[in-house]
Amino acid sequence: MPKRKDIKKKIIHLYDLSFSESKLKDMIPTIDTYSLGMLFPVLFIRFTDKYHLSRKQVLSLLQSKKMIQFLNICKLMTTFDYKKRISPEYSLQLFNELLNKISNKSKKRTLTRN
């Protein structure tokens, strides 16, 4: 029986360490980042299912440079360890930079075609 009490104490101790008030304050904002980081891959999967895209089409999309850059941001947003996860502000900055880069390239292509 003493071992069981020790285990219970260890579990309580680990819980207190992991979910202290100060750690929760750090953790809560990153939960939103994680949720948003998961949103795009989930929507992508639903989109491919809804429109019955073939495996070849999905792989082609996933291998595109734009998609890889976008998924890399999602990866940073969904890092398992919340301490290593990027902040909401930084994820927004990365998304804006990527979207600006993509829109500038598409504008240049449109201008060169005309």
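Computed from a predicted model, the values in this text were never measured in an experiment. (Residues numbered from 1 in each chain as written. Predicted model: local features only at pLDDT ≥ 70, side-chain atom pairs only at ≥ 80, totals over all residues. Heavy atoms only, no water.)

## Some words on the overall build of the protein chain
Broken down by element type, the protein chain carries 5 helices and 0 strands. In the protein chain, the succession of helices and strands from N to C terminus is α-α-α-α-α. Out of the 114 residues belonging to the protein chain, those deemed buried represent 17%. In the protein chain, of all internal contacts separated by at least 6 residues, the share reaching a separation of at least 24 is 58%. Only carbon and sulfur atoms are counted for the fraction: they give 62% of the accessible area of the protein chain, which is about 9,700 Å². (Helix = DSSP H or I, 4+ residues; strand = E, 2+ residues; numbered from the N terminus. Buried < 20%, exposed > 50% of the residue type's maximum accessible area, 1.4 Å probe, protein only. Contact = heavy atoms within 4.5 Å. Areas by Shrake-Rupley, 256 points an atom, 1.4 Å probe, with all protein chains shown as cover.)

## Observations concerning the layout of surface pockets
By volume, the largest pocket is sized at about 160 Å³. Surrounding the largest pocket, 13 residues form its lining, T33, L36, M77, S91 and F95 being those nearest its centre. Here the element with the most residues in the lining of the largest pocket is helix α2 (residues 21-50); it accounts for 6 residues. (1 Å grid on protein atoms, 1.4 Å probe; cavity = no way out; pocket = protein on both sides within 12 Å on 5 of 7 lines; lining within 4 Å. Points joined across faces, edges and corners; volume = space filled by probe spheres on them.)

## With respect to the nonpolar core
Formed by I73, C74, M77, I86, L94, F95 and L98, the largest nonpolar core amounts to 7 residues. Only α4 (65-77) and α5 (88-113) provide two or more residues apiece to this core. For F95, the residues in contact, after removing those within four places along its chain, are F70, I73, C74 and M77. (Core = buried A, V, L, I, M, F, W, Y, C linked by side-chain atoms within 4.5 Å.)

## Comments concerning a nonpolar patch on the surface
Where nonpolar side chains cluster on the molecular surface, the patch consists of Y34, M38 and V42 and spans about 220 Å² of accessible area. When you line up the elements, V42 lands in helix α2. Taking relative accessible area as the criterion, V42 reaches 34% and is therefore assigned partly exposed. (Patch = residues over 30% accessible without salt bridge, like charges linked within 9 Å, V, L, I, M, F, W, Y side chains within 5 Å. Salt bridge = Lys/Arg side-chain N within 4 Å of Asp/Glu carboxyl O.)

## A short note on the confidence of the model for the protein chain
Parts of the prediction with low pLDDT should not have their coordinates interpreted in detail. Mean pLDDT over the protein chain stands at 83; residues scoring 70 or higher make up 81%. When pLDDT is averaged over each helix and strand of the protein chain, the minimum, 72, is found for helix α1 (residues 2-18) and the maximum, 94, for α4. (pLDDT = per-residue confidence, 0-100.)

## Digging into the side chain of T33
Tracing the backbone through its elements, the reader meets T33 in helix α2. Setting aside its immediate chain neighbours within four residues, T33 contacts M77, R85, I86, S87, P88 and S91.

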